[in-house]
Amino acid sequence: MPLLLVFCLSGASGLIYQVIWVRELGIHFGSTVHSASLVTALFMLGLGLGSRIAGTLADRRFLVRPGWSLRAYSISELLIAALALLAAIVLPLFGPVFTESATYSVGSDAWHRLSAGSSLLRYLLATVLLLPITLIMGGTLTLLIRHRVRATGAEAGRDVAALYGANTLGAAIGALLTDLWLVPAVGLFQTQLIAAGLNVVAGLGALLLVSRGSARPEIDKHTEVESKSPRVLIAMAVVLATTGFVSMGMEMLWFRHLSSLLGSQRLVFSLLLATMLISMWIGTAVASGLLARGASPRAAYAGLQMLFVASALGGLYFVGSADIHAQDAALREVVSVEATWTWRILGLELIWKPMLWAVVLPSAAMGASFPLANAAAQRALGSVGRRAGTLYLANSVGAALGSLVAGFVLLPWLGLQHTAIALAALSVGAIGILLVVRGEDDRAGVDPRVRIVPWSAAAVPVFLVFGFFASLPSDTLLLRTIPSRLAGSQVVAVREGTTETIIVTEHPNSGRRLLTNGFSMSGTSWGGQRYMRLFAHLPLLQMEAASKAAVICFGVGNTLHAASLHPLETIEVIDLSEDILKFGHHFSATNHGALMDPKVRVFVNDGRQHLRMSEPGSYDLVTAEPPPLGHAGVAALYSLEFYQIVERSLRPGGWFTQWLPIYQLTESMARSVIATFLAVFPEAVLLSGDRAELILVGVKGEPTRVDFDRLKRLISARPAVAADLEANYLGTASELIGTFAGGPAALRRATQAAPLVTDDQPLMEYQTAIFAPRRRLPSEIFDISELSRFCPTCGTAGDRPDEISTLDGHLEVLAAIYASDTFLEPRAPADPELRQARRPFMTPSTHTATTAIAASRYLQRLTGLRPRK
């Protein structure tokens, strides 16, 4: 038991490192799918190679140097701690090295992508830093197997199951701790220090066991060193490699499908990973129990692989978006809005239930595979370490290939549903190898083909499930990810790519919408058009000689098209997803083919990384409209460090506009995001593009101000811009200037005690308004009293230019809206009577407000009022 506890700590630290390294590489090398795939592949290959090397060394010494394996294990844990601390310090230093050397290559489509040399440099830097640690990590398993295993066959499998299970359970605990407690509480760097501390405790614990004499093996020195025939070892290695490939590929499908249904939040990823690991731990216990009851290892392996195929396909089929949204709606009706903790518990149950359906049984089958393979292959005590290392290497290589092939080849080529079928077919092929190959545990004189008869009968239900799944329409799973609230929309186009699944829908009332991984990212509704175009129009109408702009996140091209209407020389659009950019033509009715504009240059890259690669002072305008704020990785585009990168990239007097969908945040987190923006742009203002679709605006080195005379002059000089403003409810000067919602003084007062969002502590990823029955926007940030500071040339109330004579009434209406409970509490309360008692927005009672509504199509949309004829 003490040894298993030690190895459990080691498993927790290893998983923490893997999660943190994916994030750190994304921050410093660019947040791309290649960064995550690189860490996964390196991690698996390092573990496999290290396991094989350590197993061979341990076999050579276990008889002549009793206790060597356990001593080597303890030293390995201490080395892992030291190297992990070094990585935590050095990895941030590698970022500038990559940025300085990274370059673009231009494709035949004239789009810019990172050059092959840049990608190679990124892989090389990551390999130099991470491979030594993962090699040592991989060696810890076979060192302890060599120390613990004292017999062959089933007993060896049970010993391996105990060790493998303890390590897997530790990994599950690490998965939960990392995102549910450690990173939110202490940040990425200190989380790595805690993981290193776990390694130190594990290493010292192993040394204590050595000193107590727990290391002496009770093995005959004349024991057989190697079995005569390696055919079972070779067969099991091939089967384990196939299992690793299929398992990792299926994990990618689970993450893709379930994140499309539940969201791409850290909470979802952590719970899904922990659920898989806990299920694998249960699988090791199942394997141990089967072996204790005398089951044939290979027969048990084959049976569990059949379970894997049937349950994996069945789980994908039975989990759908409609059920999840229906349960969510039901919860909102029965749970009191004040019962925050009750809501959180039920909310966790809501997202955990689909995971249980989808992954528990197949993950348990995955967890049983390594112990059962060892039970079948371990036939000589003298080669326990080498054989365990060979099997683990095969499994790890298969897993590394599975992550790369499934993500970069199968998903884009076949789609999620057919990829699942292909992976299931591979698993069935592995079952065939298990049943045909004879091994040393077979009864003498029994033809292996005889075993095929009963197994064929047992496989009938599996093939029925397989056949049913294969007969489904190819878009069955994909269409189930469309949120139920979009019922009535027509599916226009679908694409399953490397980084996401994209669906374009169209509704007769709200226009076209872009869904990525099941969630709405952008669209062509009137409100969306208004706020997205404001990102570009207002800043560029304050710059007479602006020449260069950067648009981070293409979406459906609204902001890019708005920028293209101004006399800029160059517009750079930066997006991680090549598929989203290629889908731009589906929204050509509103973006008017802006990607084809001669002054537009397309960069397929992480927006943050692109700005770091640019020369300081490159842009007159930078706009950013990232994905929904709770999605994993989005905090990197709202952190202090990101704002500093943006400020560096702007010319003096350059503008920065950023989307702030404040309704997606808790009140405290909304304050933190604004406080972080103010830390770099202290004279920032807040605009309301469309109700709670807010925009943070900052100017480098200057107050954020609008010159009304310049605004009027440039609109007159740019007729295409004037037409676009009119078409998108910004056609009057009062509507344009009336987007002002709060000035720097009010924002500072409202956020003075708020903690900042940093790369090290991405607080935003843990405090979004997911499963929050009741939340309220911070009302103090909405303050129109600083209008004269925002627009010094707009005159004063009662003495304004004719073009903005309705501005005071316009702001009066909006101020009343900003103060209303309907606006400040984005989700309606659960009580139907209270919900019905609220008006959508205020009915104006003053002459100035009535006049403003009559003059503004936007206010008419908000209030539902129309001017009297």
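Read on for a plain summary of the structure.

Here is what the cut-offs are and how they apply
Residues numbered from 1 in each chain as written. Predicted model: local features only at pLDDT ≥ 70, side-chain atom pairs only at ≥ 80, totals over all residues. Heavy atoms only, no water. Disulfide = S-S within 2.5 Å. Buried < 20%, exposed > 50% of the residue type's maximum accessible area, 1.4 Å probe, protein only. Salt bridge = Lys/Arg side-chain N within 4 Å of Asp/Glu carboxyl O. Helix = DSSP H or I, 4+ residues; strand = E, 2+ residues; numbered from the N terminus. Arc of directions from axis to C-beta. Contact = heavy atoms within 4.5 Å. Polar contact = N/O pair within 3.5 Å; in protein donor to acceptor, adjacent residues only side chain to side chain. Pairing = 2+ DSSP bridges. Axes fitted to C-alpha atoms, helices over the stretch in contact; angles between N-to-C directions.

**So, the state of the cysteines**
Piece 1. As enumerated under the stated definition, the model contains one disulfide in all.
Piece 2. Here cysteine 791 connects covalently by a disulfide to cysteine 794, the sulfurs 1.8 Å from one another. The sign of the S-S torsion, about 75 degrees, decides the handedness of the disulfide formed by cysteine 791 and cysteine 794: right-handed.
Piece 3. Given a relative accessible area of 1%, cysteine 791 falls into the buried group.
Piece 4. Using a relative accessible area of 1% as the deciding quantity, one classes cysteine 794 as buried.

**Some remarks on the pattern of salt bridges**
Piece 1. Under the criterion given, the structure shown has 29 salt bridges.
Piece 2. For glutamate 578, the salt bridge identified is with arginine 113, shortest N-O distance 2.8 Å. With glutamate 578 in helix H17 (residues 578-582) and arginine 113 in strand E2 (residues 112-114), this pair connects stretches of sequence that are 465 residues apart.
Piece 3. Looking at arginine 113, the relative accessible area reads 22%, which means it is partly exposed.

**A short note on helix H22 (residues 708-717)**
Piece 1. Along H22, the residues that are buried comprise Phe708, Leu711 and Leu714. Buried residues in H22, looked at end-on, bunch into an arc of 135 degrees, giving them a common side. The exposed set on the far side of H22, more than 90 degrees from its buried face, consists of Ser716 and Ala717.
Piece 2. Check the buried side of H22 and you find it contacts helix H15 (526-540) and helix H24 (733-737).
Piece 3. The N-terminus of H22 is capped by aspartate 707, whose side-chain oxygen sits 3.0 Å from the backbone nitrogen of aspartate 709.

**Some remarks on the sheet that holds strand E6 (residues 519-523)**
Piece 1. Strand order across the open sheet formed by four strands is E3-E4-E5-E6, with antiparallel pairing between neighbours. Two strands in the sheet have a free side with no partner beyond their single neighbour: strand E3 (490-496) and E6. Strand-to-strand twist across the sheet, computed as the mean angle between neighbouring axes with direction ignored, equals 25 degrees.
Piece 2. Here strand E4 (residues 501-507) runs beside strand E5 (residues 511-516); their pairing, made up of six bridges, is antiparallel. Across the sheet, the residue bridging to valine 504 is leucine 514, located in E5.

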